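Survey of secondary and tertiary structure
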Protein chains: 2
Amino acid sequence: MAVLVQKFGGTSVGSIDRILHVAEWVLNAQARGDHPVVVVSAMSGETNRLVELAHRIAPIPYSREYDLLIASGEQISVGLVTLAINAAAARRGLGGPCATPWLGHQLGIRTDAVFSKARIQAIDTDRLRGELDRRGIPVIAGFQGVDASGNITTLGRGGSDTSAVAIAAALKEAGTPGVDCEIYTDVDGVYTTDPRICPAARKIPRICFEEMMELASLGAKVLQIRSVEIAAKFRVPLHVRSSFEPVEGTRVVSQEELRSGPGALLEEVVVAGIAADPDQVKFTLQEVPDGPGVAAAIFGALSDAAVVVDVIVQDVSSDGRLNVSFTSGRSDALKAQGALEALAAVRFPGMRIVMRDSLAKVSIVGVGMQNHSG
Amino acid sequence: MAVLVQKFGGTSVGSIDRILHVAEWVLNAQARGDHPVVVVSAMSGETNRLVELAHRIAPIPYSREYDLLIASGEQISVGLVTLAINAAAARRGLGGPCATPWLGHQLGIRTDAVFSKARIQAIDTDRLRGELDRRGIPVIAGFQGVDASGNITTLGRGGSDTSAVAIAAALKEAGTPGVDCEIYTDVDGVYTTDPRICPAARKIPRICFEEMMELASLGAKVLQIRSVEIAAKFRVPLHVRSSFEPVEGTRVVSQEELRSGPGALLEEVVVAGIAADPDQVKFTLQEVPDGPGVAAAIFGALSDAAVVVDVIVQDVSSDGRLNVSFTSGRSDALKAQGALEALAAVRFPGMRIVMRDSLAKVSIVGVGMQNHSG
């Protein structure tokens, strides 16, 4: 009996009807012989509602109270989905409660203390395996964990993907044989590019972890990149599919499997997909004195402010002054601005900070490009 | 510096505007020299929304997933009120975060495992006192606790009152000098009877614990009865007042204080108030064989089903058969029916169960009635 981690995104649990559907879907997987472990996101719209309430109080409220607030969205889903599975199980005459609700802290999903962008450090699989040994169906809140002080943390937008893959990886590491992970979403797989922008986009039946990571990091929103990183590291095969249509989605597998599995191609595909990210900003720092430790000071300050930097370009002008440009996501722009202004005040008084908004990044992805000219 | 537990009900935190008002109110109390400990209910309408979602899935869903679900209402309030106090403190130039969010399990509010009607067993005051020593303002989720297995439990409707009084009592027991408790609600005090039904109702300036307990147990909804029981047991003075108008509300104090304090009367007031509870049902069990242990079997079964029984009337017919009638709240009716049917099937095959709905109970309350004829 293989453990099947099934992650249901916001639209998949977006209404009571959808939740009742998910309950049947999970019990069907159990009836087929799999052992489901369910991970849920907040109902679609719920997180936005909570974020909007918070933003009416404070502009950038990232803090432990903010994370505690927005984590309640997944808590609601866990309660409702557990109720629905148990009601459906009773209708099928399966007897007794079979699904049990788990919040991040109850399952021991330990993270660091970077609120709103926490990273999972460890998962206590004993509780989860105990639950599986009792033949229960754990229903787990995605997106959330607990730091060493007992504060509730959240993993950032799309963090439920990461929760699901991390749970699958932890079970695999703990010796559970045959752990698979299904990511249910509102599209039926990963496409060569965004089908809403380009109607000629095609669904990719199989893709390797490395290409998927590139696509995710470059703006494809179907999977959070950290979830793919974890899947690649622990070799957890993913199946990205729709909870609305029971059709095969996209399998994310290792390069070896991609080359040997069904549908393998004789010639390597050069380009797997194209990704675009319209939410980029570029910072340019002018009149920075050159010298040892300057770049470290700049990017250290940005790192302390939890700003994720993407592309960096650095050049030295003829008078020995440094120009440093970098890009980051628009959501980090305010934090970056604050950190750079503080740095200018304390260390580089002459430094000028220029921000350019409204940038997009287009990327072409494919393992085949490594050894294909042109 | 006296510790002042301030409990804000659903309407008091019913909108972002109200929450911003609460934040100023709490900081004003701090500025006057009190040390606030804030306890919050769910925003008005939020618990009903969650209950309604649950009921669309399962008719009587009391279970750990149900409690986990509805506890999220208070979690949202805790996050928002904490954000609001810290934003207001920053505007006042008070520096650094001063309010910290606490869920029931984080504060160690231990309860039994009776979901949806849990009783508080202990509160770990070490964490709370540590927070007070740091001059922080703890913002605590009312209505919720955690059982010995780590499951989230809830205390029943109005349970946030109980949370607040229990926290005040625990602080007092732990040696904190001068603990007061304010209950903020949408009315400006306790009235002689429901002013929406009887316009001649008057606000009671002072009432003793015993009378308040009677009023609360008999249907006055302004305070949950268990909160008054705890207040009486640990001598925690309560002040029931409005968060909309800064006027004196109703002080709930000991009988001694009532007789000696300001506004004490030379003659004892005979009747303090009149309460009505329109949500009663009456069960009558007919054809029950009389004998030792019969009443114990009936009320034991009801107790196991967590049915709260109120008035009991028992009589024996001429043929030695027993008739037992009792009343309970409408919310317990289905549970009572189930327990009695199970009992009839197993032990009293001839027993007939008759339920009468649509009952109300009217009660007249006053300590003075004990020694006043008529």
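I will try to describe carefully the structure that is included in this document. (Residues numbered from 1 in each chain as written. Chains lettered and ligands numbered in written order. Predicted model: local features only at pLDDT ≥ 70, side-chain atom pairs only at ≥ 80, totals over all residues. Heavy atoms only, no water.)

1. Details of the overall build of chain A
As a reminder of what qualifies: Runs of E in the DSSP output that reach at least two residues are strands. Runs of H or I that reach at least four are helices, and both are numbered from the N terminus. The buried label applies to any residue whose accessible area, calculated with a 1.4 Å probe on protein chains only, is under 20% of its type's maximum; exposed applies above 50%, and partly exposed to all values in between. Note on definitions: a residue-residue contact is assigned when non-hydrogen atoms from the two residues lie within 4.5 Å. Accessible areas in this description were obtained via Shrake-Rupley with a 1.4 Å probe; residue shielding takes into account the shown protein chains only. Asp and Glu are treated as the negative residues and Lys and Arg as the positive ones, with His and the ends of the chain left uncounted. We put the charge of a Lys on NZ, of an Arg on CZ, of an Asp on CG and of a Glu on CD.
Check the secondary structure of chain A and you find 11 helices and 16 strands. Taking the principal axes of its C-alpha atoms as reference, chain A extends roughly 80 × 55 × 40 Å. Taking all 374 residues of chain A together, the buried fraction comes to 53%. Put simply, 74% of the contacts in chain A that link residues at least 6 apart link residues at least 24 apart. Accessible surface, chain A: about 16200 Å² in total, of which carbon and sulfur atoms supply 54%. Charge separation in chain A, taken as the distance between the mean sites of 36 positive and 42 negative side-chain charges, equals 2 Å.

2. Considerations on the packing of aromatic side chains
All names here are of chain B. We apply this condition: Think of it this way: a Phe, Tyr or Trp ring, Trp meaning its six-membered ring, pairs with another when their centres are within 6.5 Å, and the plane angle makes it stacked under 30 degrees, edge-to-face over 60, tilted otherwise.
A complete count under the given rule lists eight aromatic pairs over all chains for this structure. Both rings, one in F299 and one in F326, keep their centres 5.9 Å apart while their planes meet at 75°; by these two values the pair is edge-to-face. One end of the pair, F299, is in helix α10 (residues 294-304); the other, F326, is in strand β15 (residues 321-329), and 27 residues separate them in sequence. For the residue pair F299 and F326, the accessibility class agrees, reading buried in each case.

3. Some thoughts on helix α7 (residues 209-217) of chain A
Three- or four-residue spacings in an α-helix give side chains the same orientation, since the helix completes a turn every 3.6 residues. Residues and elements named next belong to chain A. What counts is decided by this rule: Each C-beta atom gives one direction from the helix axis, and the arc is the one those directions make.
Three or more residues of α7 are buried, namely F209, E211, M212, L215 and A216. Down the axis of α7, the buried set is contained in an arc of 160°. They therefore lie on one face. Contacts made by the buried residues of α7 are with β10 (206-208), α8 (225-234), β12 (250-253), α9 (255-260), β13 (273-289) and β16 (352-365).

4. A look at the sheet that holds strand β9 (residues 179-185) of chain B
Residue and element names in this part refer to chain B. So the rule is basically this: Between any two strands, at least two bridges found by DSSP are needed for them to pair. An axis is simply a line fitted to the C-alpha atoms; with a helix, the fit covers only the stretch in contact. Between two such axes, the angle follows the N-to-C directions and lies from 0 to 180 degrees.
Reading across the sheet, the eight strands line up as β3-β6-β2-β1-β9-β11-β12-β10 and stay open at both edges, with mixed pairing between neighbours. Only two strands of the sheet have a single partner each, and these edge strands are β3 (99-102) and β10 (206-208). This sheet shows a mean twist of 20° between the axes of neighbouring strands, independent of strand direction. Here β10 pairs with strand β12 (residues 250-253) via three bridges, running parallel. Looking at the pairing, C208 lines up with V253 of β12. Sitting on the sheet, helix α5 (residues 125-133) is in contact with β1 (3-8), β2 (35-40), β3 and β6 (137-141), with an inclination near 145° to β6. Sheet contacts for helix α7 (residues 209-217): β10 and β12; angle to β10, the most-contacted strand, approximately 85°.

5. Things to note about the side chain of T176 of chain B
All names here are of chain B. Quick note on the threshold: Pairs of N or O atoms within 3.5 Å make up the polar contacts considered here, provided that, within protein, one atom can donate a hydrogen while the other can accept it, and that residues adjacent in sequence are counted only when both atoms are side-chain atoms.
Structurally, the position occupied by T176 is in the loop between α6 (159-173) and β9. A relative accessible area of 11% places T176 in the buried class. A polar atom in the side chain of T176 sits 2.9 Å from the side chain of R129. Of the polar contacts made by the side chain of T176, one reaches the backbone oxygen of L171; its length is 2.8 Å. Discounting residues that sit within four places of it in the chain, T176 has contacts with V3, R129 and L171.

6. Describing the relation of the copies chain A and chain B
As a reminder of what qualifies: Least squares is the method used to superpose the copies, on C-alpha atoms of residues holding a pLDDT of at least 70 in both.
When chain A is fitted to chain B, the residual RMSD is 0.1 Å, and the transformation amounts to a turn of 180° plus an axial shift of 0.0 Å. Taken together, the rotation and translation describe the operation of a two-fold axis. Among all residues of chain A, the one whose C-alpha sits closest to the rotation axis is S72 of chain A, at a distance of 2.7 Å. Counting the interface residues of chain A, we find that 100% of their copies in chain B are interface residues as well, pointing to one common contact surface.

7. Focus: a nonpolar patch on the surface
The cut-off we apply is this: Residues enter a patch when their relative accessible area is above 30% and they make no salt bridge; the linking distance is 9 Å between like charges and 5 Å between nonpolar side chains (Val, Leu, Ile, Met, Phe, Trp, Tyr). When a carboxyl oxygen of Asp or Glu is within 4 Å of a side-chain nitrogen of Lys or Arg, the pair counts as a salt bridge.
A cluster of nonpolar residues, I60, Y62 and L334 of chain A, forms a patch on the protein surface that exposes about 310 Å² of accessible area. Considering the arrangement of structural elements, one finds I60 of chain A in the loop between α2 (46-55) and α3 (64-70).

8. Quick notes on the interface of chain A and chain B
Many structure descriptions define interface size as the accessible area lost when the parts assemble. Defined as follows: When two components associate, each loses some accessible surface as probed by a 1.4 Å sphere; the sum of these losses over both components is called the buried area. Each residue gets one of three labels, nonpolar for Ala, Val, Leu, Ile, Met, Phe, Trp, Tyr, Cys and Pro, charged for Asp, Glu, Lys and Arg, and polar for the others, Gly among them.
Taken together, the 37 residues of chain A in the interface contact 37 residues of chain B. Here chain A meets chain B over a buried area of about 3200 Å², counting both sides, of which 70% is carbon and sulfur. Together, I57, E65 and L83 of chain A form the three largest contributors to the area buried by chain A at its contact with chain B, with a combined 22%. Along the contact surface separating chain A from chain B lie two salt bridges. Listed by contribution, the elements that provide at least two residues to the side of chain A that touches chain B are α1 (16-31), α2, α3, α4 (72-91) and β3 (99-102) of chain A. Ranked by residue count, the leading element in the side of chain A that touches chain B is α4 of chain A, at 11 residues. Taken together, the residues of the side of chain A that touches chain B sort by class into 21 nonpolar, 11 polar and five charged.

9. Overview of the pairing of strand β11 (residues 238-242) of chain B
Residues and elements named next belong to chain B. For β11, the buried fraction is high: five of the five residues fall into the buried class. Neither face of β11 is exposed, since L238, V240 and S242 on one face and H239 and R241 on the opposite face are all buried. For β9 and β11, the ladder comprises five bridges, and the chain directions are parallel. Of the residues in β11, the one forming a bridge with T185 is S242. Note: β11 against β12, three bridges, orientation antiparallel. Each bridged residue has a counterpart across the sheet, and for L238 the counterpart in β12 is V252.

10. A few points about the packing of α1 of chain A against α4 of chain A
All names here are of chain A. Which entries qualify depends on this criterion: What sets the label is the angle itself: under 35 degrees gives roughly parallel, over 145 gives roughly antiparallel, 65 to 115 gives roughly perpendicular, and the rest give oblique. Crossing handedness is defined as follows: a turn of the near helix away from the far one that is anticlockwise and smaller than a right angle gives a left-handed crossing, while the clockwise case is right-handed.
Where α1 meets α4, the axes come as close as 8 Å, and the angle between the chain directions of the two elements is 55°. Judged by the angle between their axes, α1 and α4 are oblique. Note on packing geometry: the crossing formed by α1 with α4 is right-handed. For the pair formed by α1 and α4, the contact residues are I16, I19, L20, V22, A23, E24, V26 and L27 on the first element and L80, V81, A84, I85, A88, A89 and R91 on the second. For the contact of α1 with α4, the class distribution of residues is 13 nonpolar, no polar and two charged.

11. What about the side chain of N86 of chain B?
Residues and elements named next belong to chain B. Inspection of the secondary structure puts N86 in helix α4 (residues 72-91). Overall, the relative accessible area of 13% leaves N86 in the buried class. There is a polar contact of 2.9 Å between the side chain of N86 and the backbone nitrogen of C98.

12. Side note on the sheet that holds strand β13 (residues 273-289) of chain B
Residue and element names in this part refer to chain B. Taken together, four strands build an open sheet; the order of strands is β14-β15-β13-β16 and the sheet is antiparallel. At either margin of the open sheet sits one strand with a lone partner, and together these are β14 (309-316) and β16 (352-365). Ignoring which end each strand starts from, the neighbouring axes of this sheet average 25° apart. With six bridges connecting them, β14 and β15 associate as antiparallel partners. From the neighbouring strand, Q314 faces β15, where its bridge partner is V324. Strands β13, β15 and β16 of the sheet are contacted by helix α11 (residues 333-346), whose axis makes an angle of about 15° with β13.

13. Overview of the pattern of salt bridges
What the rule picks out here adds up to 32 salt bridges over all chains. Residues joined in a network through salt bridges with shared partners are E46 and R49 of chain A together with E46 and R49 of chain B.

14. Overview of unusual backbone geometry
Within the chain, R135 of chain A stands out as a residue other than glycine whose phi angle is a positive 65°. With respect to the element layout, R135 of chain A can be found in the loop between α5 (125-133) and β6 (137-141). Judged by relative accessible area, which is 47%, R135 of chain A ranks as partly exposed. Here the phi dihedral of A306 of chain B falls at roughly 60°; this positive angle occurs in a residue that is not glycine. With respect to the helices and strands, the residue A306 of chain B is situated in the loop between α10 and β14.

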